[in-house]
Amino acid sequence: MSVHNPRHIAVNQVGYPVEGTKIALFSGAGHDFRVINEKTGAVAYTGQCGAAYLDKPSGASVHAADFSELKTAGSYRIEGDNGATSASFVIADKPYGELQQGLLKAFYYFRCGVELTPEYAGPWAHGACHTAEGTVFGHPELRLDSCGGWHDAGDYGKYSGPGAKAVADLLLAYELYPAAFAAPVPLPESDGTTPDVLLECKIELDWLFKMQEVGTGGVYHKLTTLNFPGLDVMPEDDTDELYFSPVSAAATGDFAGVMAMAARVYAPFDPAYAQKCQAAASAAWGWLEQHPKAPGFTNPPGITTGEYGDECDQDERFWAAAELYRTTGKEGYHQAVQSLVQRPFPKYRFGWADMGGYGTLAYLLTGKERTQPALHASLKQGLLAEADRLVRQSREDGYRISLLEEDYIWGSNMLVLNNAMLLLAAEHFSGDAAFAACALDHLHYLMGRNVLDISYVTGFGDRPVMHPHHRPSVGDGVADPVPGLVSGGPDRGLHDEYVVEHLQGKPAAQCFADHDLSYSTNEVTIYWNSPAVFVAARFNA
Ligand code: G3I
Ligand code: 9MR
Ligand code: ZN
């Protein structure tokens, strides 16, 4: 379904916590509204919409319907004048438990190199894929074990930096909100002791070890076939030769950062594994020290899969140094942090090309006692100032999120979720509940409170994305897509043929097509899912 008729009353289609603000957003006309109890049909609340607000990114005239006073748990829908009706949703103490588990389970579905069994994958089961050795690009004689990890996205490539970002989000979520990870997903490895989120991250970490070049400590940028396979090719049928692309500084910095993090997080559960992560991180750091200036990665000739080019590796080095310092306490890493932080890269951004924010969080989480007071204070102040800016921008936005019109880029939902993560980090360091409320508004947007009245997570909500650009979902013959996947979201740049043909002239936030050909708006990736797990976990802790 690519032609989409919004119902003019947008809600978080999963639901709202009992406590706190509850707002639905009307587009077009909005006057009186009623909240209907879905079970009894009774009117549970009546109210009036606020004044109209012309929202630039969405092109809609938006009115807020505030029903915060309704505090009875249950299942509801909202009705307006002229028969307009919203999706049904719940009011509950902890409405996002299943959502969080679904978002985490998505990583199981992204697994590579193993069979997904019907017991865990249901109708989305498929055979083991990509089990062959790969060739080191430019060295046809050098073939290495390449098996395991997660597919990156709708394609089957595996890319070191994006993989590290995804693991970092999940490990951070666990570090900040451990209580949210008490229940099993469950996974085949669930053992009742190690939290499932750590078992799932181990899948990717075990693969990342294979991306480290023996002898140098440098990390291959990616492992892919030469070209993307056809859209309906199942993973186990994608049997073209896999190539390790050359080592890059960005991949090596990301690897050092995530391995240092893992060394800390896994230590209480598996000290030997933590030690292995630590050694791998130090070796990668050694490579970085020996290559203080390295060119950015570009695809080698003949390889046309995702490039994930990144000209600036200072942020990845900063993250690596900060995690290594936080984990080991070694002064050399502290010196490196203090020197790298001087360089001009964004300190409060998260993304596969922007790892500076993770460095900042690692340093702040190291604690006041072990850090340089002036640097700790300035990073904290900078983080809070950035969070304040996001809150202000969200107040100016009809759909109450921090994206400006120009922020609706490829993967805009990652920006939505990364900004929510930053707001939650600000909450963590300041205790200010206003940051969490703003972060929750971002989750509401993702789950349906947007101009298109669509839930951007497959399998969740009354009107979820149904046709993601995700090869298994296209090729498996199952009507429903693999569940729990976060779609990229609107991209005003119209970067694929489908949207060029169908979405000319649309406002930024409407530049989205729920069509499997639209890879620039409706693909899915591990690093769009991971910040969603973080945000959902905060509201389940
Ligand atoms: O940062 C600039 C911004 O300054 C500018 O205003 C804006 C205007 O369009 O562009 C921004 O850059 C965009 C960049 O993503 C931001 O991260 C580029 O236009 C956009 O083309 C680029 O898209 C990337 C895409 O690959 C194409 O290279 C996505 O971030 C990235 O997530 C995506 O990754 C692909 C992999 O290559 C292959 N696997 C699937 C994956 C998801 O689609
Ligand atoms: O399927 C590919 C997707 O995973 C990538 O993100 C995207 C951008 O690199 O490219 C997709 O592949 C398309 C290719 O770039 C152009 N021809 C159509 C392909 C989709 O089937
Ligand atoms: Zn695979």
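Fair warning: this is a prediction, and the values are worked out from it, not measured in the lab. (Residues numbered from 1 in each chain as written. Chains lettered and ligands numbered in written order. Predicted model: local features only at pLDDT ≥ 70, side-chain atom pairs only at ≥ 80, totals over all residues. Heavy atoms only, no water.)

A word on the overall build of the chain
Within the chain, the secondary structure is distributed over 16 helices and 16 strands. Taking all 541 residues of the chain together, the buried fraction comes to 61%. In the structure as shown, the chain presents an accessible area of about 19800 Å², 53% of it carried by carbon and sulfur atoms. Charge separation in the chain, taken as the distance between the mean sites of 38 positive and 66 negative side-chain charges, equals 7 Å. (Helix = DSSP H or I, 4+ residues; strand = E, 2+ residues; numbered from the N terminus. Buried < 20%, exposed > 50% of the residue type's maximum accessible area, 1.4 Å probe, protein only. Areas by Shrake-Rupley, 256 points an atom, 1.4 Å probe, with all protein chains shown as cover. Lys, Arg positive; Asp, Glu negative; His and termini not counted. Charge placed at Lys NZ, Arg CZ, Asp CG, Glu CD.)

Thoughts on the coordination of the zinc ion (ligand 3)
Bound to the zinc ion (ligand 3) are the protein donor atoms Cys-112 (SG), Cys-129 (SG), His-130 (ND1) and His-151 (NE2), situated 2.0 to 2.4 Å from the metal. In this structure, the zinc ion (ligand 3) is coordinated by four donor atoms arranged in tetrahedral fashion, with angles at the metal of 102 to 116°. Between consecutive donor residues of the zinc ion (ligand 3), the sequence gaps follow C-x16-C-H-x20-H. With Cys-112 in the loop between α1 (97-109) and α2 (118-121) and His-130 in the loop between α2 and β10 (134-136), the pair connects residues that are 18 residues apart, well separated along the chain. Assigned by exposure class, Cys-112 and His-130 land together as buried. (Donors = N, O, S within 2.8 Å, 3.2 Å for Na, K, Ca; no water. Tetrahedral: all angles 85-135°; square planar, octahedral: opposite > 155°, others 65-115°.)

Considering the site of ligand 2
Near ligand 2 the following residues occur: Asp-155, Phe-228, Trp-410, His-469, Arg-471, Tyr-519 and Glu-523. Here His-469 contributes a side-chain N or O atom positioned 2.6 Å from an oxygen atom of ligand 2. Within the side chain of Glu-523, one N or O atom sits 2.6 Å away from an oxygen atom of ligand 2. Across the shell around ligand 2, the residue classes break down as three nonpolar, one polar and three charged. (Near = heavy atom within 4 Å. Polar contact = N/O pair within 3.5 Å; in protein donor to acceptor, adjacent residues only side chain to side chain. Nonpolar A, V, L, I, M, F, W, Y, C, P; charged D, E, K, R; others polar.)

Structural notes on the sheet that holds strand β9 (residues 89-92)
Pairing is mixed in the open sheet, where five strands are placed in the order β2-β9-β8-β4-β5. Both edges of this open sheet fall to β2 (15-17) and β5 (43-48), since each of them pairs with a single strand only. For this sheet the average axis-to-axis angle between neighbouring strands, irrespective of direction, equals 25°. As paired strands, strand β4 (residues 32-37) and β5 are joined by five bridges and run antiparallel to one another. Considered in β5, the bridge of Ile-36 is made with Val-43. (Pairing = 2+ DSSP bridges. Axes fitted to C-alpha atoms, helices over the stretch in contact; angles between N-to-C directions.)

So, unusual backbone geometry
That bond from Val-185 to Pro-186 is cis: its omega, -5°, falls within 30 degrees of zero. Secondary-structure assignment places Pro-186 in the loop between α3 (160-176) and α4 (196-210). In this model, Tyr-308 sits at a positive phi of 50°, which is unusual for a non-glycine residue. Overall, the relative accessible area of 12% leaves Tyr-308 in the buried class. Not every positive phi belongs to a glycine, and Asp-453 is a case in point at roughly 55°. As for its position among the elements, Asp-453 is in the loop between α12 (433-446) and α13 (471-475).

Let's talk about the pattern of salt bridges
Taken as a whole and judged by the stated rule, the model has 21 salt bridges. As a salt-bridge pair, Asp-354 and Arg-349 come within 3.5 Å of each other at their nearest N and O atoms. Here Asp-354 falls in the partly exposed class, since its relative accessible area comes to 21%. Look at the salt bridges and you will find they share partners, linking Arg-34, Glu-38, Arg-77 and Glu-79 into a network. (Salt bridge = Lys/Arg side-chain N within 4 Å of Asp/Glu carboxyl O.)

Section: helix α16 (residues 526-538)
Taking 1.5 Å of rise per residue, the 13 residues of α16 would be expected to cover 18 Å, and the 19 Å separating its terminal C-alpha atoms lies within 8% of that figure. For α16, the tally of buried residues reaches twelve of 13 residues, placing the bulk of the element in the interior. Considered for burial, the residues of α16 that qualify are Ile-526, Tyr-527, Trp-528, Asn-529, Ser-530, Pro-531, Ala-532, Val-533, Phe-534, Val-535, Ala-536 and Ala-537. Contacts made by the buried residues of α16 are with α1, α3, α4, α11 (412-430) and α12. (Expected span 1.5 Å × (residues − 1). Contact = heavy atoms within 4.5 Å.)

As for the pairing of strand β11 (residues 139-144)
As defined by bridge partners, β10 adjoins β11 across three bridges and the pair is classed as antiparallel. The partner of Thr-135 across the bridge, within β11, is Arg-143. Here β10 hands over to β11 after two residues, with Gly-138 in that stretch at a positive phi of 85°.

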